[in-house]
Amino acid sequence: MMYALYARQSVDKQDSISIESQIEFCKYELRGQEQDYQTYIDKGFSGKNTNRPAFENMMKDIKQGKIEKVVVYKLDRISRSIVDFSMMMEIFKKFNVDFISSTEKFDTSTPIGRAMLSICIVFAQLERETIQKRVTDTYYSRSKRGFYMGGRIPYGLAIEKTMIDGMKTSKYVPVEAECKQIQLMYELYAEPKNSLGDIIRFFKKNEIKNCRGSLWNTARISETLRNPVYVKADMDIYHFFKSQGANIINDMTDFMGTNGIYLYHNEGVDKKQSSLAGKTVVIAPHEGIVSSEQWLKCRVKCLNNKQSTKTCKPKNSWLAGKMKCGKCGYALTIKKANTKIQRYFVCSAVNSTKACEGIRTIYAGELEDFISQGIRNKLLEFPVLTNKKESSHGGLNENKMKLSQIEEDISNLLNKVSNANEILMKYINEKVEQLDIQRKILLDQLHTATNDTIEKNRDTITNFADKWEQLDFSDKQLIVDILIQVIYMEDDHIKIIWKY
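Residues numbered from 1 in each chain as written. Predicted model: local features only at pLDDT ≥ 70, side-chain atom pairs only at ≥ 80, totals over all residues. Heavy atoms only, no water.

Draft legend 1. Representation of the layout of surface pockets in the model. Size it by volume and the second largest pocket reaches roughly 860 Å³. Lining the second largest pocket are 34 residues, with Arg152, Pro154, Glu223, Asn227 and Leu263 sitting closest to its centre. Residue assignment for the lining of the second largest pocket shows that the elements contributing at least two residues are helix H8 (218-226) and strand E9 (259-264). Residue classes in the lining of the second largest pocket are distributed as 18 nonpolar, nine polar and seven charged. (1 Å grid on protein atoms, 1.4 Å probe; cavity = no way out; pocket = protein on both sides within 12 Å on 5 of 7 lines; lining within 4 Å. Points joined across faces, edges and corners; volume = space filled by probe spheres on them. Helix = DSSP H or I, 4+ residues; strand = E, 2+ residues; numbered from the N terminus. Nonpolar A, V, L, I, M, F, W, Y, C, P; charged D, E, K, R; others polar.)

Draft legend 2. Quick peek at helix H9 (residues 235-243). Residues of H9 that are buried: Met235, Ile237, Tyr238, Phe240 and Phe241. By the N-cap criterion, in which a side-chain oxygen at the helix start approaches the backbone nitrogen of a residue two or three places on, H9 is capped by Asp234, the distance to Asp236 being 3.1 Å. Backbone geometry just after H9 places Gly245 at a positive phi near 85°. (Buried < 20%, exposed > 50% of the residue type's maximum accessible area, 1.4 Å probe, protein only. Polar contact = N/O pair within 3.5 Å; in protein donor to acceptor, adjacent residues only side chain to side chain.)

Draft legend 3. Quick look at the nonpolar core. One finds Leu225, Tyr230, Ile237, Phe241, Phe255, Ile261 and Trp295 to be the most contacted residues of the largest nonpolar core, which totals 45 residues. Secondary-structure elements contributing two or more residues to this core are helix H6 (176-190), helix H7 (196-205), H8, H9, E9, strand E10 (280-287) and helix H10 (292-304). Per-element tally for this core: the top contributor is H6, with seven residues. Among all residues touching Ile237, those that are not within four sequence positions of it are Val231, Lys232, Phe255, Ile261, Ser292, Trp295 and Leu296. (Core = buried A, V, L, I, M, F, W, Y, C linked by side-chain atoms within 4.5 Å. Contact = heavy atoms within 4.5 Å.)

Draft legend 4. Broad picture of the confidence of the model for the chain. In this model, the chain carries an average pLDDT of 77, and 73% of its residues clear a pLDDT of 70 or more. Between the elements of the chain, mean pLDDT differs from a low of 63, seen in helix H14 (residues 422-466), to a high of 94, seen in helix H2 (residues 53-63). Low pLDDT (under 50) marks residues 383-392, which in the prediction has 12 contacts with non-local residues, meaning those over four places away or in another chain. Between residues 456-462, whose pLDDT stays under 50, and residues either more than four places distant or in other chains, the model counts seven contacts. (pLDDT = per-residue confidence, 0-100.)

Draft legend 5. Molecular detail of the packing of aromatic side chains. Following the criterion strictly, the structure yields 13 aromatic pairs and no others. A centroid spacing of 6.0 Å and a plane angle of 75° characterise the contact between Tyr172 and Tyr262, whose relative ring orientation is edge-to-face. Here Tyr262 lies in strand E9 and Tyr172 lies in strand E7 (residues 167-174), a separation of 90 residues in the sequence. Relative to Tyr230, the ring of Tyr186 has its centre 6.4 Å away and its plane inclined at 65°; by these criteria the two rings are edge-to-face. Of the two residues, Tyr186 is situated in helix H6 and Tyr230 in the loop between H8 and H9; the sequence distance between them amounts to 44 residues. Like Tyr186, the residue Tyr230 is buried in the burial classification. Here the aromatic cluster, defined as three or more aromatic residues joined through ring pairs, consists of Tyr155, Phe202, Phe203 and Trp216. (Phe/Tyr/Trp six-rings, centres within 6.5 Å; stacked < 30°, edge-to-face > 60°.)

Spelled out as structure tokens, the structure:
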């Protein structure tokens, strides 16, 4: 039988003891004896668990009866977990193996050694958990101040050294060639008719290659389209993350429509990319490269999981996918017949689940004519569906920011009403009245700015609506997807749920 000299070092630091030094301390326990020994070395492994190759080999030799004593430089070299250490000691006891800590003078061949060993392993685990908590606290503290916290560098960006609050860190800077591809991705996916597969096909057709040598795939593009690191964070972005339950560190006044965003996954929070609840949002020091309007279109599209998972496009009617049964809520599917009717809608629940008695036959041609007229009227009614002028975006965002602040101030004042005395109530009433006047002025300004945009684009929209009949199948489907949420059909009753 022989001695086992075990050494472990997780990270090679200047102030940490080397593997060689640990082995020398362990050899001292031999005290000149001509005792056979074998070294077991784990370099680059943590002591938080026992998933270490050399440790596993040592335990295997113990179970085969090859080892008499296990010697380590210090207790925490072999384990920092009470549970793991207890299980290890049970095995040692079972196979009559003694344990010696060279510097701490623990020897389990004596009762006092065994007692002291149990006490020290408790403190070893406490130290590990304290260090872990300190590292976590430091991470979140630095992340909330906008420090670069490492990780994979997003496509379209590189890192450069910078200073924040007098401390050295890094920040992202745009890579021009990659940024153009990112912006093109958002442009394409913001169109309701395009899927992730369409983007890959477009890139392949136009020989747009990944600058980092990888192949384009839907998973990576989807991840890119959801990443807020690219967005120019303005008030619309602030309200979006707030509505999703995210923890926003910065004040709303920091959302000026210029900088990107860091999104952090807090401990214990759902890590699914579709969920933003409980995650931390911080304004990043770098400038965004995608407008908030485009980013929100793409993000909402991913959240709704509609176009991104569509594997085929309807060919028999541009209303397919929008029609639902008014009786049971199931989708209406289109059928083709070799008669003069040719195409008609039926409730999908009639044959599949028998959960619906069905509705009368709905001729697709007649229904399309009816919906076409409604869409033409809607296009004239909502010309704001055209692209907004970039020049007005800054002013609109500033007014939205002011309006949000006023509404928050009013809400805070109203929360104090229940505990207010007569004098405080008078002050609250006067202050709320003043804020309400300011709120109405801002609403009028926002309304005027919107109307200006409408007037500038009215001719284009009117002309577009007048040419509805000349649009091809895909363009009609695009307009339907933009305007209509769902259409409910029940015998002679039609209910259109508009998005705008």
